[in-house]
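Secondary and tertiary structure notes
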Amino acid sequence: MDNFSIGIRLINLRKVNGYTQWDVAEILNISRSTLSKYEKGIITPNVENLIKLADLYKVSCDYILCRK
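What this report covers is the structure whose coordinates are included nearby. Just so it is clear, the structure is predicted and the values come from calculations on it, not from any experiment.

Here the focus is the nonpolar core. By size, the foremost hydrophobic cluster in this structure holds 16 residues, and its most contacted members are Leu10, Val24, Leu53, Tyr57 and Ile64. When residues in this core are grouped by element, the largest group, 5 residues, is from helix α4 (residues 47-57). Apart from the residues lying within four places of it in its own chain, the contact partners of Leu53 are Leu10, Val24, Leu28, Tyr38, Pro45 and Ile64.

Its place among the elements puts Arg32 in helix α3 (residues 32-40). For Arg32, a relative accessible area of 28% puts it in the partly exposed group. The spacing of Arg32 and Ile43 is 11 residues in sequence and 13 Å in space, taken between C-alpha atoms. Excluding residues within four positions of it along the chain, Arg32 makes contact with Gln21, Trp22 and Ala25. Of note is the side chain of Arg32, whose polar atom sits 2.7 Å from the side chain of Gln21.

The full count for this structure, using the stated rule, is 1 aromatic pair. Aromatic pair Tyr19 and Tyr57: ring centres 6.3 Å apart, planes at 55°, arrangement tilted. Residue Tyr19 is found in the loop between α1 (3-16) and α2 (21-28), and its partner Tyr57 is found in helix α4; the two are separated by 38 residues along the sequence. One cation-aromatic arrangement involves Arg9 over Tyr63; the distance from NZ or CZ to the ring centre is 4.0 Å. Arg32 extends its terminal NZ or CZ atom over the ring of Trp22, reaching a point 5.5 Å from the ring centre.

What the rule picks out here adds up to 3 salt bridges. For Arg14, the salt bridge goes to Glu39, with nearest N and O atoms at 2.7 Å. Here Arg14, found in helix α1, pairs with Glu39, found in helix α3; they are 25 residues apart in sequence, far enough to count as distant. Exposure remark for Arg14: the relative accessible area of 9% places this residue in the buried category. Residue Lys52 pairs with Glu48 through a salt bridge whose shortest N-O separation is 3.3 Å. Separated by 4 residues within a single helix, Lys52 and Glu48 lie in helix α4, roughly one turn from each other.

Reading guide: rules and limits
- Residues numbered from 1 in each chain as written.
- Predicted model: local features only at pLDDT ≥ 70, side-chain atom pairs only at ≥ 80, totals over all residues.
- Heavy atoms only, no water.
- Core = buried A, V, L, I, M, F, W, Y, C linked by side-chain atoms within 4.5 Å.
- Buried < 20%, exposed > 50% of the residue type's maximum accessible area, 1.4 Å probe, protein only.
- Helix = DSSP H or I, 4+ residues; strand = E, 2+ residues; numbered from the N terminus.
- Contact = heavy atoms within 4.5 Å.
- Polar contact = N/O pair within 3.5 Å; in protein donor to acceptor, adjacent residues only side chain to side chain.
- Phe/Tyr/Trp six-rings, centres within 6.5 Å; stacked < 30°, edge-to-face > 60°.
- Lys NZ or Arg CZ within 6 Å of the ring centre and 35° of its normal.
- Salt bridge = Lys/Arg side-chain N within 4 Å of Asp/Glu carboxyl O.

Encoded structure:
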């Protein structure tokens, strides 16, 4: 699992779905800076937020984790 690749995937999913970082942060109930760290590959989403992101973007957790 490569945090940078996960971050790029999260950026692409967010943009394809027409969300801003503010939108996604509010939906996940996290700070925008935390989401930014996910997208920059600084940190990886915890399991709870990973599941929320997968649900939001209608993809699997494996897809976000670049396992597919």
